[in-house]
Amino acid sequence: VPDEKTLIASILAGNAESFEPLIERHQARVFATARRYARVESEVEDIVQEVFVKAFHKLHTFRGEAPFEHWLMRMTVRTCYDFLRSHKRNREVAFSEFTDSETDWLERFTAETAADPANASMAREVVQRVFEQLSPAARLVLTLLEIEDRSVKEVATMTGWSAVLVKVRAFRARAEMRKCVERMTRQKQL
Amino acid sequence: MKPEELTIRVMAAARAFPPADSVPYAFEKRVMANLRDQPGTDLGTLWTRMLWRAAVPCVAIMLMVSVWTYLIQNSTGNPNTFATELENVVFAPMAALEESW
């Protein structure tokens, strides 16, 4: 199997078919990332397809100084952000509070039970419902910083924002999330 | 439970259960077919794109020249100087034609 540099050189020389092995190599990671931002599987597939089409057309801008995967993940994150913004514009997410079972689950949830795969679907449901209430920038910055555990510098590189902007947006995002969870639990505390 | 604690737990749940990285069957073939179906960029599209890109600098240059002309007119003290000179230059061939009659 040819290495990435050879494949990229071949694509740039006009052999478009060499792009297929590149897709095969990286598609799982792109899918996992896209699923953090889109819930419906058809939307996830659209995002991933857009990422690879963009990557193909912009391949001449890849300088080869960093691994191809980093370049592709930057493109993935930016495409996901564009998706979140257009999604927010086109479809208003209906506000809904936590259901009783979700609140119970969250109260029982601890780091020790995290490994239990039986929790997976409930966990994903709860996380998605909270994150859907956030603004696109807040969702992106919290996902990258808090969930994927990336540094401010990494987030700045991936998003194209300055480090200061990342910090400011992270601060606002945490406040937004606190407010959102508060709103989702308010009814139950009354 | 306090919202702060719930927030921490939501984050912990998100970290503990990362999304699946499964890929639909033959997805790479679909992307390649999509790339093959895309029409190539024709000369007309390229020309239109270049014209649109040139529009902004052209407007900027036009505005700068207008401001410059206005300032020049004001600094000379005679607002008609530039207009008169321009008229003379534009109608010079006409004047020459009339003289030859």
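Here, the structure is the one placed above.
Residues numbered from 1 in each chain as written. Chains lettered and ligands numbered in written order. Predicted model: local features only at pLDDT ≥ 70, side-chain atom pairs only at ≥ 80, totals over all residues. Heavy atoms only, no water.

J.: Please clarify how the packing of aromatic side chains should be interpreted in this entry.
T.: For any two aromatic rings, the description comes down to two numbers: the centre-to-centre distance and the angle of the planes. Residue and element names in this part refer to chain A. A complete count under the given rule lists 7 aromatic pairs over all chains for this structure. For the ring pair Phe-62 and Phe-68, a centre distance of 5.5 Å and an interplane angle of 85 degrees mean the geometry is edge-to-face. With respect to class, Phe-62 is no different from Phe-68; both count as buried. Their ring planes at 35 degrees and their centres at 5.6 Å tell us that Phe-68 and Trp-71 sit as a pair that is tilted. Here Phe-68 pairs with Trp-71, and both are found in helix 4 (residues 68–90), just 3 residues apart, close to one helical turn. Under the relative-accessibility criterion, Phe-68 is labelled buried at 3%. The class of Trp-71 is buried, set by a relative accessible area of 9%. What links up through ring pairs into an aromatic cluster is the set Phe-19, Phe-52 and Phe-56. (Phe/Tyr/Trp six-rings, centres within 6.5 Å; stacked < 30°, edge-to-face > 60°. Buried < 20%, exposed > 50% of the residue type's maximum accessible area, 1.4 Å probe, protein only. Helix = DSSP H or I, 4+ residues; strand = E, 2+ residues; numbered from the N terminus.)

J.: Just to check I follow, could you spell out the layout of surface pockets for this structure?
T.: Empty space among the atoms can be located by rolling a probe the size of a water molecule over them. Considered as a void within the structure, the largest pocket measures approximately 340 Å³ in volume. Around the largest pocket, the lining is made up of 21 residues, and of these Arg-35, Arg-36, Arg-124 and Gln-128 of chain A together with Pro-19 of chain B lie nearest the centre. Sorting the residues of the lining of the largest pocket by element identifies helix 2 (19–37), helix 6 (120–131) and helix 7 (136–147) of chain A together with helix 1 (3–16) of chain B as the ones contributing at least two each. Among the elements that take part in the lining of the largest pocket, helix 6 of chain A stands out by supplying 7 residues, more than any other. A breakdown of the residues in the lining of the largest pocket according to their chemical character gives 11 nonpolar, 3 polar and 7 charged. Here the second largest pocket is characterised by a volume of approximately 230 Å³. In this structure, the second largest pocket is lined by Arg-29, Ala-66, Glu-69, His-70, Met-73, Arg-74, Arg-150, Lys-153, Glu-154, Thr-157 and Met-158 of chain A. Among the elements of the structure, helix 4 and helix 8 (152–159) of chain A are those that each provide at least two residues to the lining of the second largest pocket. Across the lining of the second largest pocket, the residue classes break down as 3 nonpolar, 2 polar and 6 charged. (1 Å grid on protein atoms, 1.4 Å probe; cavity = no way out; pocket = protein on both sides within 12 Å on 5 of 7 lines; lining within 4 Å. Points joined across faces, edges and corners; volume = space filled by probe spheres on them. Nonpolar A, V, L, I, M, F, W, Y, C, P; charged D, E, K, R; others polar.)

J.: Can you walk me through the interface of chain A and chain B in this structure?
T.: Reports often express the size of an interface as the amount of accessible area lost when the parts come together. Counting residues at the interface gives 44 residues for chain A and 31 residues for chain B. Taken together, the two surfaces of chain A and chain B that pack against each other cover about 3,500 Å², and 68% of this comes from carbon and sulfur. Between Lys-29 of chain B and Glu-20 of chain A there is a salt bridge, with the nearest N and O atoms lying 2.7 Å from each other. Taken together, the connections running from chain A to chain B amount to 7 residue pairs in polar contact (both at pLDDT 80 or more). For the side of chain A that touches chain B, the secondary structure elements donating two or more residues are helix 2, helix 3 (41–57), helix 5 (100–108), helix 6, helix 7 and helix 9 (163–189) of chain A. (Contact = heavy atoms within 4.5 Å. Buried area = accessible area lost by both parts, 1.4 Å probe. Salt bridge = Lys/Arg side-chain N within 4 Å of Asp/Glu carboxyl O. Polar contact = N/O pair within 3.5 Å; in protein donor to acceptor, adjacent residues only side chain to side chain.)

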